[in-house]
Amino acid sequence: MKILFLDQSGKPGGAELCLIDIAKPIRDRCLVGLFADGDFRRLLEQEQIPVQVLTQQAIQVRKESGLTQGLASLGQLLPLIRNVVPIARNFDIIYANTQKALVVGAVASFLARRPLVYHLHDILSPEHFSTTNRRIAVTLANRAQLVIANSSASKQAFVAAGGREDIVEIVYNGFELNKYQIPQQESLVIRQELGLTDKFIIGHFSRLSPWKGQHILIAALAKVPEQACLILVGDALFGEQKYVQQLHTQVQELGLETRVKFLGFRHNIPQLMSACDLIAHTSTAAEPFGRVIVEAMLCGKPVVAAKAGGAMELVESGVNGFLTTPGNVEELAEVINLCIHQPEKTAMIAEHARYTASQRFDVAVINQQLARFLDKI
Ligand code: UDP
Ligand code: GLC
């Protein structure tokens, strides 16, 4: 079965990193079509996954766009659709990995007479999307043969927004387990390079964006002992420069300059995670899945996550990690304190997390599950 994947992004967000793992084992019978050029294309090429950038013009619609902006973008989508249709005829399935890819994929699926699969990486709720965008997504997704939801939370929001339950299957993200087994020596070197050898290192791994809640973690840091330091790994991928500025100002105002390091976007996530004592996920809106949470578990590191959306399917508080109320600085500070003061208990929880995560999220097993659903089409 030959698959044409479509993704709107040139940048490697979670949905794109997930697609790399899906496309890798079928690289001899797939093509990834992108609506923008960038680092994501380079990562696909590194894995020898065939990739083609289908347009040179960036498409303007954003998650919160209304109807007028949506219609205006149709002018940009039409040439793209014209490009995609003849390519799609050489494939058996069109697999849309993002919302704009769904729009293009749905029309191309109709014109090229090829079945459509939509991988839903988002929670289609008002806190994430405008009413117009939700309506468009649900209407088009309902025409697909199969919708893959990245969590039960994403599935529920889809159905609540009018999506057809009978076409949805839940498939979690899969991970290459061996990538997350980092020798202790390597993590010690990273701690030295960071200049934080004797510190309690808290890591936050995410693009810098208001709903990812880096500001909540900075506020919590001000409430815990000075030995705790924070590394913020990730960059503003979608133009959130104002938020980045706010974070730097917050750090200065709280006098935390020596305790917070902004590391920018990195490609060595397992190594950096392994150098941490605690990994925090602090999204203020429900996280659809939360790759970073699973990655932290696979590294055998304690993780604290915001109790909403997909994170609640990954973490059982006190058993394989910790959950705190989204946006609650006090609760987060309490968990940080607990991890500082009870390292043995925390290490046991982290070890349990490593075991359960490796049972649940092995990419080989997840890809088999996905293949079974695709085979039915
Ligand atoms: N990530 C990365 N480099 C960074 C920060 C994050 O490669 O500097 C990766 C991270 O390891 C994770 C993904 O980006 O696999 C983010 O996915 P997640 O599902 O956590 O959130 P999203 O950004 O997709 O909402
Ligand atoms: C999206 C979601 C994230 C999820 C990722 C992979 O980027 O925001 O929560 O982990 O897709 O499915």
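For the structure itself, look to the data block above.
For every chain, the first residue of the written sequence is number 1, and numbering continues from 1 onward in sequence order. Lettering for chains starts from A, numbering for ligands starts from 1, and both go in the order in which the items are written. Where totals are concerned, whole chains, interfaces and linings use all residues; where local detail is concerned, this predicted model gives features only for residues with pLDDT of at least 70, and gives and counts side-chain atom pairs only at 80 or more. The basis for every side-chain value is the complete set of non-hydrogen atoms in the structure, without hydrogens or water.

Engineer: How should helix H14 (residues 329-341) be read in this particular structure?
Structural biologist: An α-helix turns once per 3.6 residues; consequently, residues spaced three or four apart project the same way. Here a helix means four or more residues in a row that DSSP labels H or I, a strand means two or more in a row labelled E, and each is numbered from the N terminus. Helix span, expected: 1.5 Å multiplied by one less than the number of residues in the helix. Its 13 residues give H14 an end-to-end C-alpha distance of 18 Å, which sits within 8% of 18 Å, the value for a rise of 1.5 Å per residue. Exposed residues in this analysis have more than 50% of their type's maximum accessible area, buried residues have under 20%, and partly exposed residues fall in between, with area computed by a 1.4 Å probe over protein chains only. Every buried residue of H14 is accounted for by Val329, Leu332, Ala333, Val335, Ile336, Cys339 and Ile340. Down the axis of H14, the buried set is contained in an arc of 160°. They therefore lie on one face. Turned more than 90 degrees away from the buried face of H14 sit Glu334 and His341, all of them exposed. Counted as a polar contact is a pair of N or O atoms within 3.5 Å, where, for protein atoms, one must be capable of donating a hydrogen and the other of accepting one, and residues adjacent in sequence contribute only when both atoms are in side chains. Near the N-terminus of H14, the side chain that reaches the backbone nitrogen of glutamate 330, with its oxygen 3.1 Å away, is that of asparagine 328. Of all possible arcs, the one meant is that of the directions from the helix axis to the C-beta atoms.

Engineer: Any chance you could explain the site of ligand 2 here in plain terms?
Structural biologist: A single heavy atom is enough: if one lies within 4 Å of a molecule or strand, its residue is considered near that molecule or strand. Every residue lining ligand 2 is accounted for by Gly14, Ala15, His121, Asn150, Asn173, Glu287, Pro288, Phe289, Gly290 and Arg291. Separating an oxygen atom of ligand 2 from a side-chain N or O atom of asparagine 173 is a distance of 3.1 Å. At 2.9 Å from an oxygen atom of ligand 2 is found a main-chain nitrogen or oxygen belonging to glycine 290. Note that accessible areas follow from Shrake-Rupley with a 1.4 Å probe, and for residues the cover is restricted to the protein chains shown. Its free accessible area being 310 Å², ligand 2 has 91% of it covered by the protein chains. A per-class count over the shell around ligand 2 returns 3 nonpolar, 5 polar and 2 charged. Charged means Asp, Glu, Lys or Arg here, nonpolar means Ala, Val, Leu, Ile, Met, Phe, Trp, Tyr, Cys or Pro, and polar covers whatever is left, Gly included.

Engineer: I'm lost on the pattern of salt bridges in this one. Help?
Structural biologist: Side-chain pairs of opposite charge can arise where the charged atoms are in close proximity. We define a salt bridge as a contact between a side-chain nitrogen of Lys or Arg and a carboxyl oxygen of Asp or Glu at a distance within 4 Å. Under the definition given, this model contains 11 salt bridges. Here the salt bridges share partners, and the residues they tie into one network are Lys24, Glu47 and Glu176.

Engineer: How should the packing of helix H5 (residues 99-112) against helix H6 (residues 131-141) be read in this particular structure?
Structural biologist: To describe two helices that pack against each other, one gives the angle between their axes and the distance between the axes. Whenever a helix is involved, its axis is fitted only over the stretch in contact; in every case the axis is a line through C-alpha atoms, and angles between N-to-C directions fall within 0 to 180 degrees. Between H5 and H6, the shortest axis-to-axis distance is 10 Å and the interhelical angle comes to 45°. By the angle between their axes, H5 is oblique relative to H6. Here H5 runs over H6; the crossing is left-handed. Across from Gln99, Leu102, Val103 and Ala106 in H5, the residues of H6 making contact are Asn133, Ile136, Ala137, Leu140 and Ala141. Partitioned by chemical class, the residues of the contact of H5 with H6 number 7 nonpolar, 2 polar and no charged. Note on angle classes: values under 35 degrees are labelled roughly parallel, values over 145 roughly antiparallel, values of 65 to 115 roughly perpendicular, and the remainder oblique. In this scheme the crossing of two helices becomes right-handed for a clockwise turn of the near helix relative to the far one and left-handed for an anticlockwise turn of less than a right angle. Throughout, a contact is declared for two residues whenever any of their heavy atoms are within 4.5 Å.

Engineer: Just to check I follow, could you spell out the packing of aromatic side chains for this structure?
Structural biologist: The geometry of an aromatic ring pair is captured by two quantities: the separation of the ring centres and the angle between the planes. Here the aromatic set is Phe, Tyr and Trp, taking the six-membered ring for Trp, and pairing holds for ring centres within 6.5 Å; pairs whose planes are under 30 degrees apart are stacked, those over 60 apart are edge-to-face, and all others are tilted. Throughout the structure, instances matching the rule amount to 5 aromatic pairs. Centre to centre, the rings of tyrosine 172 and phenylalanine 289 are 5.7 Å apart; their planes meet at 35°, and the pair counts as tilted. With tyrosine 172 in the loop between strand E7 (168-170) and helix H8 (184-194) and phenylalanine 289 in the loop between strand E11 (278-280) and helix H12 (291-298), this pair connects stretches of sequence that are 117 residues apart. Residue classification places phenylalanine 289 among the buried positions, given a relative accessible area of 3%. Here phenylalanine 289 and phenylalanine 361 contribute two aromatic rings whose centre-to-centre distance is 6.1 Å and whose plane-to-plane angle is 75°, an arrangement assigned as edge-to-face. Of the two residues, phenylalanine 289 is situated in the loop between E11 and H12 and phenylalanine 361 in the loop between helix H15 (343-360) and helix H16 (363-375); the sequence distance between them amounts to 72 residues. Like phenylalanine 361, phenylalanine 289 is buried. Following the ring pairs from residue to residue traces out a cluster consisting of Tyr172, Phe289 and Phe361. The ring of phenylalanine 91 has lysine 2 lying over it, and the distance from NZ or CZ to the ring centre is 5.2 Å. Whether a charge lies above a ring is judged from NZ of Lys or CZ of Arg, which has to be within 6 Å of the ring centre and within 35 degrees of the ring normal.

Engineer: Would you explain the site of ligand 1 in this entry?
Structural biologist: Looking at ligand 1, there are 15 residues lining it, with Gly14, Arg207, Lys212, Arg266 and Glu295 nearest. Contact distances for ligand 1 include 2.8 Å between an oxygen atom and a backbone N or O atom of glycine 14. With respect to ligand 1, the side chain of arginine 207 contributes an N or O atom lying 2.8 Å from an oxygen atom. For ligand 1, whose accessible area on its own is 540 Å², the fraction buried by protein is 91%. Considered class by class, the residues forming the shell around ligand 1 number 5 nonpolar, 4 polar and 6 charged.

Engineer: Can you help me understand the sheet that holds strand E8 (residues 200-205) in this one?
Structural biologist: Within a sheet, neighbouring strands are paired by backbone hydrogen bonds and run either parallel or antiparallel to one another. Sheet architecture is open: 6 strands sit in the order E10-E9-E8-E11-E12-E13, paired in parallel fashion. The open sheet is flanked by strand E10 (260-264) and strand E13 (322-324), the only strands paired with a single partner. Shown here is a sheet whose adjacent strand axes are inclined to one another by a mean of 25°, direction ignored. Any two strands between which DSSP finds at least two bridges are classified as paired. Both E11 and strand E12 (residues 303-306) contribute to a ladder of 2 bridges, which runs parallel. Directly across from alanine 280, in E12, lies its bridge partner valine 304. Against the sheet, helix H9 (residues 214-221) contacts E8, strand E9 (228-233), E10 and E11, and its axis sits at roughly 165° relative to E9.

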